[in-house]
Amino acid sequence: MNAIEQASAHGRQLISAASTLADLRAVESEAFGKRSRLAAMTAELRELGPQERRQLGQELQQARAALEELYNRRAEELSRRDALRRAEAERLDLTEEAWRFASTGSPLAGALEQPVPRGHLHLVTQVRQELEDIFLSMGFEVAEGPEVEDDWHNFEALNMPPHHPARGMFDTFYLKAGQSESVVLRTHTSPVQVRLMESRRPPIYAVAPGRCFRRDTPDATHLPVFHQLEALVVDEGISMSHLAGALDAFTDAFFGPGRRARLRPSFFPFTEPSAEFDVTCWVCGGEGCRTCSGSGWVELGGCGMVDPAVFEAVGVDPERYSGFAWGLGIDRLAAARTSLGDIRELLDNDIRFLTQF
Ligand code: DAH
């Protein structure tokens, strides 16, 4: 009896010491199988008388069954644990990079187990979001329009009929679609003004940030793909002083006090009067340098009072309503804020540049 209990205890101990399914399988025979003490004792039953044999035989049978049950429970538990461990290992393996490099046996596979630094939004995206916040807080809504535009929205409704000389201001990318030169990559965000006025009645207080495209040669202040923030206000009794006030409030909110801004008379077909919006150069502070072409000022965008011809094109009554509009260069705003000498750095993808912001 004592011997059976001891053999069982030995078996239980082997079973519970196994920490993986493979370990467990390896001790099965010794715990209660062929090589176990219980099996040896069962073999010795032959030497006993019939009555003792039956009784001890039964007890050995029960001891074996109890160990087998323990074994099965432990096997279940370990197989669950193994599955979890495998899932965990596969989870770590799942990054595409690690998998790709591991499968090539590249030493980079090990390097990828190092923590990977997290990225962040690009400077231009950060500035765009900040601009949206500023104008939302001033009571504007944020609108959007398509980057692929038709001639009507990009030019004609903005008082630039076909062959109008002002189209020359915009070096346009045309798409091979529809009639020749009828589909363009928008050259500015002003077509969003047209879409806003076509789709609803005034009052309208909206800004529209977005990507624009021009066949410009890149230089310190120009990119062929750039971003603008359009503004459109249409209501009764809107005047030029509202435009100046809104730009002032914006300049203070975006740059803080200290930077000077000015409006300089200009011309756009879609505004009358028109002006250009300049700030003091962020590189030389107004002395004159390469970034500001020696003038001490950098143009951030154009603005003006919405031309009555534009109202007529979209069916807004110019006798009742007036409005102002502007288009500011977001990339230049980003450059101005970070004193960036060359706007092309925004697109160079140099990690040493990008991580600064
Ligand atoms: N769309 C003009 C450009 O890209 C900028 C502009 C000027 C926008 C005057 C306006 C505006 O809304 O009123 O050069």
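Residues numbered from 1 in each chain as written. Predicted model: local features only at pLDDT ≥ 70, side-chain atom pairs only at ≥ 80, totals over all residues. Heavy atoms only, no water.

(A) Spotlight on the overall build of the chain. Regarding its fold elements, the chain presents 13 helices and nine strands. For 357 residues, the compact-globule formula gives about 21 Å, and the C-alpha radius of gyration of the chain, at 39 Å, lies well above that figure. Principal axes of the C-alpha set define a box for the chain whose edges measure 120 × 45 × 45 Å. Burial status across the chain gives 41% buried among its 357 residues. In the chain, 66% of the contacts between residues at least 6 apart in sequence involve partners at least 24 apart. Carbon and sulfur atoms form 51% of the exposed surface of the chain, whose accessible area is close to 19900 Å². Averaging the locations of the 38 positively and 53 negatively charged side chains of the chain gives two centres separated by 10 Å. (Helix = DSSP H or I, 4+ residues; strand = E, 2+ residues; numbered from the N terminus. Rg over C-alpha atoms; globule rule 2.2 N^0.38 Å. Buried < 20%, exposed > 50% of the residue type's maximum accessible area, 1.4 Å probe, protein only. Contact = heavy atoms within 4.5 Å. Areas by Shrake-Rupley, 256 points an atom, 1.4 Å probe, with all protein chains shown as cover. Lys, Arg positive; Asp, Glu negative; His and termini not counted. Charge placed at Lys NZ, Arg CZ, Asp CG, Glu CD.)

(B) Up close: the packing of aromatic side chains. Under the criterion given, the structure shown has eleven aromatic pairs. Seen in terms of ring centroids, Phe 254 and Phe 255 are 4.8 Å apart; in terms of plane orientation they differ by 80°. Their pairing is edge-to-face. One exposure class covers both Phe 254 and Phe 255, and it is buried. In textbook terms, an aromatic cluster arises when at least three aromatic residues are bridged by ring pairs, as seen for Phe 135, Phe 140, Tyr 205, Phe 250, Phe 254, Phe 255, Phe 324 and Trp 326. (Phe/Tyr/Trp six-rings, centres within 6.5 Å; stacked < 30°, edge-to-face > 60°.)

(C) Structural context of the domain arrangement of the chain. The domain architecture assigned to the chain consists of domain 1 (2-90) and domain 2 (123-354). A straight line from the C-alpha centre of domain 1 to that of domain 2 covers 81 Å. (Domains from an automatic or database assignment.)

(D) Representation of helix α2 (residues 21-31) in the model. Taken as a whole, α2 has its buried residues at Leu 21, Leu 24, Val 27 and Ala 31. The buried residues of α2 occupy an angular sector of 125° when projected down its axis, which confines them to one face. Facing away from the buried side of α2 by over 90 degrees, the exposed positions are Ala 22, Arg 25 and Ala 26. (Arc of directions from axis to C-beta.)

(E) Here's a closer look at the site of the ligand. In the vicinity of the ligand lie 16 residues, with His 188, Gln 193, Arg 214, Gln 228 and Glu 230 positioned nearest. Between Glu 230 and the ligand, the recorded distance is 2.6 Å, taken from a side-chain N or O atom to an oxygen atom. The protein chains hide 95% of the 350 Å² of surface that the ligand would expose on its own. Breaking the shell around the ligand down by element, the ones donating at least two residues are β5 (225-235), β8 (297-306) and β9 (322-329). Residues of the shell around the ligand, tallied by class, amount to six nonpolar, eight polar and two charged. (Near = heavy atom within 4 Å. Polar contact = N/O pair within 3.5 Å; in protein donor to acceptor, adjacent residues only side chain to side chain. Nonpolar A, V, L, I, M, F, W, Y, C, P; charged D, E, K, R; others polar.)

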